[in-house]
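Each chain is listed here by its residues.
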Amino acid sequence: MDVVRGTSCTTTARDDARAVAWWVLLGAGSGAIAGALVGGVGGRLAMLLLRITSPDLVVGMTSDDGFEIGVVSADTLQLVLAMALLGGINGIVYATLRSAIPQRLRLVLWTVFAAALGGAQIVHEDGVDFAVLEPAALAVVLFVVLPGAAAALVVVLVERGSRVEPWADRRLSAGLCAAALAGSFALIFAAAVAIAALGIRRVGASGVLRRVAAVVVPTVLVVVTLVAGWELVSESTRIVR
């Protein structure tokens, strides 16, 4: 079962709404948890490690993300919440597309896709982070691994949640709601996805859409991964040379 699974003649609009809401919540909550833990806390730990391995002159500099290097402050909470937001969006997208990805490839493909795309967005030779932080190769590796690890955790959490009867576990449902609220702006995206998915289910177009998505989604993920990977390798080569 997934966000856009087909509806039967005995399925009511309320049943479809509950099913769609569960899958969107599962994606948003799982993504927010992964984003906060890996992107937020993990990102700060990565910067701490790079602070230790870099010259003292980097302390007090403002990173490319607007945070003061070497200083732990209330801005850390802002980073965790921002990563929860991005993670929530990642989780919603994965929950929406997962059925179009072969089950045995979901973890590997989504992880590599996120590592390549996320790394290509973060790693660049302009700015401060990859110009002053040392060793440059470690900085590159850390900020490629982080988005990949966050995506991997999203897959694990969503797949585990998919084996639970929707809304049956009150603690899980409450936990997902709380996590999703942490990435509150992602809920706007979640609402848009839920409305679109519900419409697809009710008009009975999900069967055709699923067949098309089974070809298009893996192809697009592979193409984007290759393009982003090429850009990432090019940037990384210029940084560490």
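Here is what the cut-offs are and how they apply
Residues numbered from 1 in each chain as written. Predicted model: local features only at pLDDT ≥ 70, side-chain atom pairs only at ≥ 80, totals over all residues. Heavy atoms only, no water. Helix = DSSP H or I, 4+ residues; strand = E, 2+ residues; numbered from the N terminus. Buried < 20%, exposed > 50% of the residue type's maximum accessible area, 1.4 Å probe, protein only. Contact = heavy atoms within 4.5 Å. Areas by Shrake-Rupley, 256 points an atom, 1.4 Å probe, with all protein chains shown as cover. Salt bridge = Lys/Arg side-chain N within 4 Å of Asp/Glu carboxyl O. Patch = residues over 30% accessible without salt bridge, like charges linked within 9 Å, V, L, I, M, F, W, Y side chains within 5 Å. Core = buried A, V, L, I, M, F, W, Y, C linked by side-chain atoms within 4.5 Å. Expected span 1.5 Å × (residues − 1). Bend = angle between axes of the 7 residues up to and from the residue. Axes fitted to C-alpha atoms, helices over the stretch in contact; angles between N-to-C directions. Parallel < 35°, antiparallel > 145°, perpendicular 65-115°, else oblique. Left-handed = near helix turned anticlockwise from the far one by under 90°. Phe/Tyr/Trp six-rings, centres within 6.5 Å; stacked < 30°, edge-to-face > 60°.

K.L.:
Which residues make up the overall build of the protein, and what values go with them?
P.N.:
Of the regular secondary structure elements, the protein holds eight helices and zero strands. Taken from the N to the C terminus, the helices and strands of the protein come in the order α-α-α-α-α-α-α-α. In the protein, buried positions account for 43% of the 241 residues. A fraction of 84% describes how many contacts in the protein between residues 6 or more apart in sequence connect residues 24 or more apart. Accessible area for the protein stands at about 12,400 Å²; split by element, carbon and sulfur atoms hold 68% of it.

K.L.:
Can you tell me about the pattern of salt bridges, naming the residues and giving the values?
P.N.:
Side-chain pairs of opposite charge can arise whenever the charged atoms involved come near each other. Tallying each qualifying case throughout the model produces three salt bridges. In this structure, E159 engages R106 in a salt bridge whose closest nitrogen and oxygen atoms are separated by 3.4 Å. A residue pair is termed long-range when its members are at least 10 positions apart, and E159 in helix α5 (residues 136-161) and R106 in helix α3 (residues 106-122) qualify at 53 residues. R238 serves as the salt-bridge partner of E235, at 2.8 Å between the closest nitrogen and oxygen. Here E235 and its partner R238 are both found in helix α8 (residues 206-240), three residues apart, which amounts to about one turn of the helix.

K.L.:
So what's going on with a nonpolar patch on the surface? Which residues, and what values?
P.N.:
Residues I33, L37, V41, L45, L48 and I52 make up a contiguous nonpolar surface patch of about 550 Å² in total accessible area. Within the fold, V41 resides in helix α1 (residues 13-53). Exposure remark for V41: the relative accessible area of 40% places this residue in the partly exposed category.

K.L.:
Got a sec to walk through the environment of A95? Specific residues and values, please.
P.N.:
Counting through the fold element by element, A95 comes out in helix α2 (residues 75-97). We classify A95 as buried; its relative accessible area is 0%. Through-space distance from the C-alpha of A95 to that of A28 is 8.5 Å; in sequence the pair is 67 residues apart.

K.L.:
So what's going on with the nonpolar core? Which residues, and what values?
P.N.:
W110 and L221 are the most contacted members of the largest nonpolar core, which has 30 residues in total. Elements with a contribution of two residues or more to this core: α1, α2, α3, α5, α6 (170-182), α7 (186-203) and α8. If one sorts the elements of this core by residue count, α1 sits on top with eight residues. Setting aside chain neighbours within four positions, we find L221 in contact with I101, L109, W110 and F113. Core analysis: the next-biggest nonpolar cluster, separate from the first, contains 23 residues, A115, A120, V144 and A150 among them.

K.L.:
Describe α1, and please don't skip the residues or the numbers.
P.N.:
The first and last C-alpha atoms of α1 sit 57 Å apart over 41 residues, in line with the 60 Å expected at 1.5 Å per residue. Along α1, the sharpest change in direction is near 30 degrees and occurs at G42.

K.L.:
Describe the packing of α2 against α5, listing the residues and the values that go with them.
P.N.:
At a minimum axis separation of 10 Å, α2 and α5 run at an interaxial angle of 55 degrees. Taken together, the axis directions place α2 and α5 in an arrangement best described as oblique. Judged by the sense of rotation from one axis to the other, the crossing of α2 with α5 is right-handed. Judged by residue contacts, N90, G91 and Y94 of α2 engage A151, V154, V155, V158 and E159 from α5.

K.L.:
Before we move on, could you go through the packing of aromatic side chains and cite the residues and values that matter?
P.N.:
For the structure on display, the rule yields three aromatic pairs. Ring centres of W22 and W167 lie 5.4 Å apart, and the angle between their planes is 70 degrees; on these two criteria the pair is classed as edge-to-face. Separated by 145 residues along the polypeptide, W22 in helix α1 and W167 in the loop between α5 and α6 bring together distant segments of the chain. Ring geometry for W110 versus F113: centroids 5.3 Å apart, planes at 40 degrees, classification tilted.

These values are about where atoms sit, not about what they do.
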